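Structural overview for review
This is what each chain is made of:
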Amino acid sequence: MVSEQSRGDWSDEVRVAGATVIPPDPKIMEAIGLNYALEAAIADLVDNSIDAGASQVLVRFVRRGARLVSLCVVDNGRGMQDDDLDDAMALGKRRDYKTSDLGHFGLGLKAASLGQARSLTVISRTSGSVACGRRWLKDNVSADFICDVVEAEFAATALNRSWSPLTVQSGTLVRWDGVTNFPAAQDASTTDQYLEQVLPRVRDHLGLVFHRLIHNETVSITLDIEDAEIGSTGLSQTAVPIDPFGYRRTGRASYPKLLLASFEEHSVELQCHLWPPRSELPAFKVPYRLHHKGQGFYFYRNDRLLQSGGWNGVIQPNDRYRLARVAVDVNDELAGLLSMNPEKTEIRVVEPFVHAIESAHDRDFNLRSYCDDAYERLRESRTPVGTRRPVLPPGRGFAPRLRQAISTELSFIPGADPVSIRWQNLEDDQFFRINLDNQTIELNLNYRWAVNGGWAGSLNDAPLLKATIYLLVHDLFRGEYLGAKQKDNLELWNAVLMAAAEAQAS
């Protein structure tokens, strides 16, 4: 039974008697940027570069022998002078954003960086000015929050060194040291495996988030790895646009369809798309891996993707809706009603926005009928089309991501030993050969330089070539010897691959 007193002692408002100033503890630095994924933090830095007018951005992982030591993001934007740099490095200070700026939803330079690294150094210069730099050390922050001033000579040298393909006449270098995500192991193969996993993930994330800006040639983003011990970089990779609506043919002829959601004085268009089933395009698969299997809302502001999938409480995610993607472009009026979650994966929307989307309709078309169409299209595609024979699994020499991709598409013979692939000294008339005794595909070491573009390579290098040869020959390991037809095929494949390697070298 509820007493009369308990009914009347609750107040909807908290009464205050005054206010007091409580200075922050320096240990607050430890909490900055928590839950921030590496690729999301790098994307925040790229936002700043684009806002500074950069047309080129370089993301560089720096290793010294076996160990990764730093990560740098360099741009050719307008750059900063001392006063601007002090403002940019001020903890807790949020810069004024222009209508066209991308960084509105970011946690900013400091949070993005100090959530990943023990040390943040920013070096910059404007056209014709002297280079300047500042550094935050997470471990050395005092109660006065003293920030290090980088020597002018060091700052100039840092910007003048080779950052190919950039030339930093004006621009900014953001350098992370003591990156907590980097492997601590001394084994070079551990670092190699880390880079093989992380570099494509960062590249694909940037290609997705900035796909419109890359496609429109507003900015180009390059990634590479520098070995500071020998002073050279390996092959660079370019972030290519990954358009989550970039299907070649719509999943149903009547799509895309448009819905208009209105609330108060605001309105927003919902562009409802249906992907075709069984798509192998990166534009479908990359968002599928990242968030809610790619289904749901894709929020954009100024052509920058803020959220890649997720239904924001409007609909419960369900595998049957995997083909449904909705593009939503928000302006500054709507942007004031949105915020990012700490992981930088999802937009938080106000309740009236959710209700407006729920009630949006065009005659008999609404969000529910749209999801029903997505499920129906998926169900239609599930008619059996035959089965694939189980294969021997790939083993040593295949990159982990490649092994995962093969396991997704093919089933393996239970208990079978894996097929390995490695570089070996072979006769000049062989690009590769099959060693049935060792269950190994042996690649001619003389052609490694051609395949890797002059790079010495690593254990799991040349994934495209290795995947191609594996798909050609995996079935040959089922028998104890090679028949005449199989040998003839091997001679054909060898001849064509050797000609291709020599053409690439010429």
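Residues numbered from 1 in each chain as written. Predicted model: local features only at pLDDT ≥ 70, side-chain atom pairs only at ≥ 80, totals over all residues. Heavy atoms only, no water.

So, unusual backbone geometry
Cis geometry is adopted by the peptide bond preceding Pro165, which originates at Ser164 and carries an omega value of 15 degrees. Of note, Pro165 is situated in the loop between helix 5 (152-160) and strand 6 (171-179). Following Tyr255, the chain continues into Pro256 via a peptide bond in cis, with omega recorded as 5 degrees. Relative to the helices and strands, Pro256 is located in the loop between strand 9 (237-238) and strand 10 (257-263). If you check the backbone angles, Gln439 has positive phi at about 50 degrees while not being a glycine. Classification of Gln439 by relative accessible area gives buried; the value is 18%. (Helix = DSSP H or I, 4+ residues; strand = E, 2+ residues; numbered from the N terminus. Buried < 20%, exposed > 50% of the residue type's maximum accessible area, 1.4 Å probe, protein only.)

Re helix 10 (residues 351-359)
Within the span of helix 10, buried status applies to Phe353, Val354, Ala356 and Ile357. Burial along helix 10 is one-sided: seen end-on, the buried residues are contained in an arc of 160 degrees. In this fold, the buried residues of helix 10 make contact with strand 10, strand 11 (266-274), strand 12 (296-301), helix 9 (332-335), strand 16 (347-349) and helix 11 (367-380). (Arc of directions from axis to C-beta. Contact = heavy atoms within 4.5 Å.)

Things to note about the sheet that holds strand 10
Strands sit in the order 10-11-14-12-13 across an open sheet of five strands; the sheet is mixed. The sheet is open, and its two edges are formed by strand 10 and strand 13 (304-308), each paired on a single side. Across this sheet, the average inter-strand angle for adjacent strands is 25 degrees, counted without regard to direction. As paired elements, strand 12 and strand 13 share four bridges and run antiparallel to each other. The residue of strand 13 that forms the bridge with Phe299 is Gln307. (Pairing = 2+ DSSP bridges. Axes fitted to C-alpha atoms, helices over the stretch in contact; angles between N-to-C directions.)

What to know about the confidence of the model for the protein chain
Within the protein chain, residue pLDDT values average 87, and 87% of them lie at 70 or more. Below a pLDDT of 50 lies the segment residues 100-106, which in the model reaches 34 contacts outside its immediate sequence neighbourhood of four places, other chains included. (pLDDT = per-residue confidence, 0-100.)

Comments concerning the nonpolar core
The biggest cluster of nonpolar side chains holds 45 residues, and the ones touching the most others in it are Ile42, Phe61, Trp176, Leu206, Phe210 and Ile221. Here the element with the most residues in this core is helix 2 (residues 38-51); it accounts for eight residues. With 40 residues, the next largest nonpolar core counts Leu306, Leu338, Tyr370 and Ala374 among its residues. (Core = buried A, V, L, I, M, F, W, Y, C linked by side-chain atoms within 4.5 Å.)

Details of the packing of aromatic side chains
For the structure on display, the rule yields 14 aromatic pairs. Seen from their ring centres, Tyr255 and Tyr370 are 5.8 Å apart, and the 35 degrees between their planes marks the pair as tilted. Of this pair, Tyr255 sits in the loop between strand 9 and strand 10 while Tyr370 sits in helix 11, and the two are 115 residues apart along the sequence. In terms of burial, Tyr255 and Tyr370 fall into one category: buried. Taken together, a centroid distance of 6.2 Å and an interplanar angle of 45 degrees make the contact between Phe299 and Phe353 tilted. Note that Phe299 is positioned in strand 12 and Phe353 in helix 10, a separation of 54 residues in sequence. Since its relative accessible area comes to 1%, Phe299 is described here as buried. (Phe/Tyr/Trp six-rings, centres within 6.5 Å; stacked < 30°, edge-to-face > 60°.)

Topic: the pattern of salt bridges
Under the counting rule described, the total for this entry stands at 29 salt bridges. Among the ionic pairs, Arg401 bridges to Asp204, the shortest N-O distance being 3.1 Å. A residue pair is termed long-range when its members are at least 10 positions apart, and Arg401 in helix 12 (residues 400-409) and Asp204 in helix 6 (residues 188-209) qualify at 197 residues. Judged by relative accessible area, which is 38%, Arg401 ranks as partly exposed. Between Asp362 and Arg363 there is a salt bridge, with the nearest N and O atoms lying 3.8 Å from each other. Each of Arg60, Arg161, Asp224 and Glu226 takes part in a single network of salt bridges with overlapping partners. (Salt bridge = Lys/Arg side-chain N within 4 Å of Asp/Glu carboxyl O.)

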